[in-house]
Amino acid sequence: MALKGNLAVFTTTQLLNLINLSKKTGVLTLYEGHKTGKKLTLGDGLTQIDEVAPGKEIAHLNFQQGMLVFADMNGKDGHLASVLQRAGKLNEEQARTIREKAATLNDKGLALRLINANYVTKNDIVRSIQKHAVSIVFDLMTWNKEPFEFKENIAPPDSHILVPIDLKNVIIEGTRVITEQKHLEEEIENLDFALKFPENPGEKFKNVQLGTNEWRVVGFINGKNTIRQIGKACNMTDTEIRRIVYGLLQAGLVQMIRPQSAEQPKRGTDLKRQQPANTRIERDVIQRLIVKIKNT
Amino acid sequence: MQTVKMVITGPFSSGKTEFIKSISEIEVVSTESPIAKDSAEALEKANTTVAMDFGRITVDDDLVLYLFGTPGQRRFDFMWEILAEGMLGFVVMVDSSKPETFREARSILETFRAYAPTPYVVAANKQDHPDAWKPEDLRIALRIEDENVKLLSCVAKDKESVKEVLLELLYSILEEMDAPK
Ligand SMILES: Nc1nc2c(ncn2[C@@H]2O[C@H](COP(=O)(O)OP(=O)(O)OP(=O)(O)O)[C@@H](O)[C@H]2O)c(=O)[nH]1
Ligand SMILES: [Mg+2]
């Protein structure tokens, strides 16, 4: 079972949200996109974008139960020595020597050697790998046309050091740098929607590190205040409030709900007539429909 | 005689016409028109609905159910509200194999919810397609957080599957009638 798509229509952030919320295990692979020359028609039946077919693999990320555990990307040397060097735990000379001398060791073996030789601590290794993986995700968040595939129920290879990373924090932090206003406007079309917390907020907010701005927004969420009102109260521009709400939404920390006032249909008069008509339909009618369809 | 209606909506090419054809007792009165041969949509399918599809299920001498399918192309969306008037409930069809249509699906869902507070279900259509996303994944992709909203697996070409979707919608309507106001 694979989820296939293209970052042009389903973004990295949306993918991470999906993997996080459904606690998926599997591997996400991104490919170079090659235009096929054909067009894809979007759901409005009008807009067309270039169809791209997957080419060479350019990155892959492993997930376990919704956590990112490993990431690898072309152009970002993932050798443990290089990762430690970029994190400032090894100098250039040390990193080069290690890469040469320990060429046959896998990451786990190398990590043990380095720790035993007091080059670095276990914590250094965990932190550095975490930094490496997150920087890859942040890069992916700026991509917008690559084909992807997520294959479920595939475990990462044994040789890798797996450092579980909670995606909620990555998503929130990543959306802070989203600059594409158009995308935000599409995602949060209507600022008159209200926000509420999901079913078990305690669990959801566990281990989440929010910034001051996010906390300010969270403070106004009560299922009634609209996004617009919250933005005003926090003295934020439409773009600022959109960006924060988008991050919280994608991290699964809040949900959008239609406020009472928006529940009213646009053309009030026509539909007011219709509503009582609807409620007048009797139970019996529905039951007869059910029987009929069952026997069709 | 009493007539009631349900609306089958959803993005372009999601399978609305197919759905109604599978269950209607009459030849579906479809206002399909051929898609211009040189356009890219023509690669996908030959016909698109321009005003509506119309199907019928007669229960007995006193009761008839009409199924109205909306046109998927946005340029015909002026028909939506007219079709929505007086509906008992609606089905949002989604082509589960085309993530490029998910955003539109969500937008259509919101639009129809705003027309009338009637029950609705979402049909994750084309589940027979090898690239179909599973209903659970679609729920998250479409951001349907309300667990009470049913997201149903569907193959519009298969009559039994279509019956199941309509039945689930009818059960939701019953539940709503029974719910304390
Ligand atoms: N494999 C598969 N194909 C389907 C299914 N349902 C519909 N299709 C096909 O998908 C295409 C679109 O179906 P339609 O019923 O025309 O879709 P529509 O929603 O009425 O399209 P518009 O009126 O243009 O918006 C057709 O080629 C159908 O045969 C399904 O469940 N499985
Ligand atoms: Mg049609």
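Basis of the calculations
- All residue numbers refer to position in the chain's written sequence, counted from 1.
- Labels are handed out in written order, letters beginning with A for the chains and numbers beginning with 1 for the ligands.
- The model is predicted, so local features are restricted to residues of pLDDT at least 70 and side-chain atom pairs to those at 80 or more, both for listing and for counting; the totals for chains, interfaces and linings are taken over all residues.
- Computation of side-chain values covers all heavy atoms of the structure but excludes hydrogens and water.
- Each helix is a run of DSSP H or I of at least 4 residues and each strand a run of E of at least 2, with the numbering of both proceeding from the N terminus.
- Only protein chains enter the area calculation, which uses a 1.4 Å probe; residues under 20% of their type maximum are buried, those over 50% are exposed, and those in between are partly exposed.
- Note that accessible areas follow from Shrake-Rupley with a 1.4 Å probe, and for residues the cover is restricted to the protein chains shown.
- Positive charges are assigned to Lys and Arg, negative charges to Asp and Glu, while His and the chain termini are left out of the count.
- To locate a charge, the coordinates of NZ of Lys, CZ of Arg, CG of Asp or CD of Glu are taken.
- Note on definitions: salt bridges are taken to be side-chain nitrogens of Lys or Arg within 4 Å of carboxyl oxygens of Asp or Glu.
- Nearness is defined per residue: one heavy atom within 4 Å of the molecule or strand is enough.
- The term polar contact refers here to a pair of N or O atoms within 3.5 Å; inside protein, the definition further demands a hydrogen-donor-capable atom paired with an acceptor-capable atom, and it admits residues adjacent in sequence only when both atoms are side-chain atoms.
- Residues are grouped as follows: Ala, Val, Leu, Ile, Met, Phe, Trp, Tyr, Cys and Pro are nonpolar; Asp, Glu, Lys and Arg are charged; all remaining types, including Gly, are polar.
- Domain start and stop points were drawn from an automatic or database domain assignment.
- In this analysis, two residues are considered to be in contact whenever any of their non-hydrogen atoms come within 4.5 Å of each other.
- Accessible area, probed at 1.4 Å, shrinks when two parts are joined; the buried area is that loss added up over both.
- Lines fitted to C-alpha atoms define the axes here, with helix axes fitted over just the stretch in contact, and angles between the N-to-C directions of these axes take values from 0 to 180 degrees.
- Note that the term roughly parallel is reserved for angles under 35 degrees, roughly antiparallel for angles over 145, roughly perpendicular for angles of 65 to 115, and oblique for everything else.
- Pairs were defined over the aromatic rings of Phe, Tyr and Trp, the Trp ring being its six-membered one, requiring ring centres within 6.5 Å. Orientation was assigned from the angle between planes: stacked under 30 degrees, edge-to-face over 60, tilted for the rest.
- For a Lys NZ or an Arg CZ to count as sitting over a ring, it must be within 6 Å of the ring centre and within 35 degrees of the ring normal.
- Criterion used throughout: strands pair if DSSP finds at least two bridges between them.

(A) Looking closely at the overall build of chain A. Within chain A, the secondary structure is distributed over 14 helices and eight strands. Of all 296 residues assigned to chain A, the portion counted as buried reaches 47%. Here chain A displays about 15200 Å² of accessible surface, and carbon together with sulfur accounts for 48% of that area. Here chain A carries 42 positive and 34 negative side-chain charges, and the mean point of each set is 5 Å from the other.

(B) Quick peek at the pattern of salt bridges. Taken as a whole and judged by the stated rule, the model has 25 salt bridges over all chains. Among the ionic pairs, Asp284 of chain A bridges to Arg288 of chain A, the shortest N-O distance being 3.0 Å. Here Asp284 of chain A pairs with Arg288 of chain A, and both are found in helix H14 (residues 283-294), just four residues apart, close to one helical turn. On the basis of relative accessible area, Asp284 of chain A is assigned to the partly exposed category, the value being 38%. Note that Glu25 of chain B and Arg56 of chain B form a salt bridge whose closest N and O atoms lie 3.0 Å from each other. Placement of Glu25 of chain B in the loop between helix H1 (16-23) and strand E2 (29-34) and of Arg56 of chain B in strand E3 (residues 47-60) is noted, with a sequence separation of 31 residues between them. For Glu25 of chain B, a relative accessible area of 39% translates into the label partly exposed.

(C) Structural context of unusual backbone geometry. Residue and element names in this part refer to chain A. Even without a glycine there, the phi angle at Lys23 is positive, about 45 degrees. Among the structural elements, Lys23 can be located in the loop between helix H1 (12-21) and strand E2 (26-41). A positive phi angle, close to 45 degrees, is found at Gln65, a residue other than glycine. Looking at the secondary structure, you find Gln65 in the loop between strand E3 (48-64) and strand E4 (67-73). Under the relative-accessibility criterion, Gln65 is labelled exposed at 60%.

(D) The site of ligand 1, seen in detail. Residue and element names in this part refer to chain B. Residues in contact with ligand 1 amount to 17 residues; listed here are only the nearest, Lys16, Thr17, Glu18, Lys45 and Thr48. For ligand 1, an oxygen atom lies 2.7 Å from a polar atom in the side chain of Lys16. Between Lys126 and ligand 1, the recorded distance is 2.9 Å, taken from a side-chain N or O atom to an oxygen atom. Out of a free accessible area of 650 Å², ligand 1 has 85% covered by protein chains. Elements with a contribution of two residues or more to the shell around ligand 1: H1 and E3. It is H1 that provides the largest number of residues to the shell around ligand 1, a total of three residues. The class makeup of the residues in the shell around ligand 1 is three nonpolar, eight polar and six charged.

(E) Broad picture of H1 of chain B. Of all eight residues in H1 of chain B, six are buried; the element is thus mostly enclosed. If you check which residues of H1 of chain B are buried, you get Lys16, Thr17, Phe19, Ile20, Ser22 and Ile23 of chain B.

(F) Structural detail: the domain arrangement of chain A. Residues and elements named next belong to chain A. As far as domains go, chain A holds domain 1 (3-165) and domain 2 (171-257). When each unit is reduced to the centre of its C-alpha atoms, the spacing between domain 1 and domain 2 is 27 Å. On the domain 2 side, the residues contacting the ten residues of domain 1 number 13 residues. Note on domain 1 versus domain 2: buried area summed over both sides is about 820 Å², and carbon and sulfur give 61% of it. Scanning the region where domain 1 abuts domain 2 turns up zero salt bridges. Linking domain 1 to domain 2 there are one residue pair in polar contact (both at pLDDT 80 or more). Sorting the residues of the side of domain 1 that touches domain 2 by element identifies H1 and helix H5 (122-141) as the ones contributing at least two each. Looking at the side of domain 1 that touches domain 2 element by element, the count peaks at six residues for H1. Its residues assigned to classes, the side of domain 1 that touches domain 2 shows four nonpolar, six polar and no charged.

(G) Structural context of the packing of H1 of chain A against H5 of chain A. All names here are of chain A. Here H1 crosses H5 at 125 degrees, and the two axes come no closer than 8 Å. By the angle class used here, H1 and H5 are oblique. Residues Thr12, Thr13 and Leu16 of H1 lie in contact with H5, whose contacting residues are Val137, Leu140 and Met141. Residues belonging to the contact of H1 with H5 are distributed by class as follows: four nonpolar, two polar and no charged.

(H) Highlighting the packing of aromatic side chains. Residue and element names in this part refer to chain B. Scanning all chains against the criterion turns up 13 aromatic pairs over all chains. Seen in terms of ring centroids, Trp80 and Phe112 are 5.7 Å apart; in terms of plane orientation they differ by 45 degrees. Their pairing is tilted. Taken as a pair, Trp80 in helix H2 (residues 78-84) and Phe112 in helix H3 (residues 102-115) lie far apart in primary sequence, 32 residues in all. Linked through ring pairs, Trp80, Phe90, Phe112, Tyr115 and Tyr120 together constitute an aromatic cluster. Positioned above the aromatic ring of Phe68 is the side chain of Lys5, whose terminal nitrogen or guanidinium carbon lies 4.8 Å from the ring centre.

(I) A look at the sheet that holds strand E1 (residues 2-6) of chain A. Residues and elements named next belong to chain A. Ordered by their spatial adjacency, six strands build an open sheet running E1-E5-E2-E3-E4-E6, and the pairing between neighbours is antiparallel. Two strands lie at the open edges of the sheet, namely E1 and strand E6 (165-166), each paired on one side alone. Relative to E3, E2 is paired through twelve bridges, and the arrangement is antiparallel. Bridge pairing in E3 links Thr41 to Gln48.

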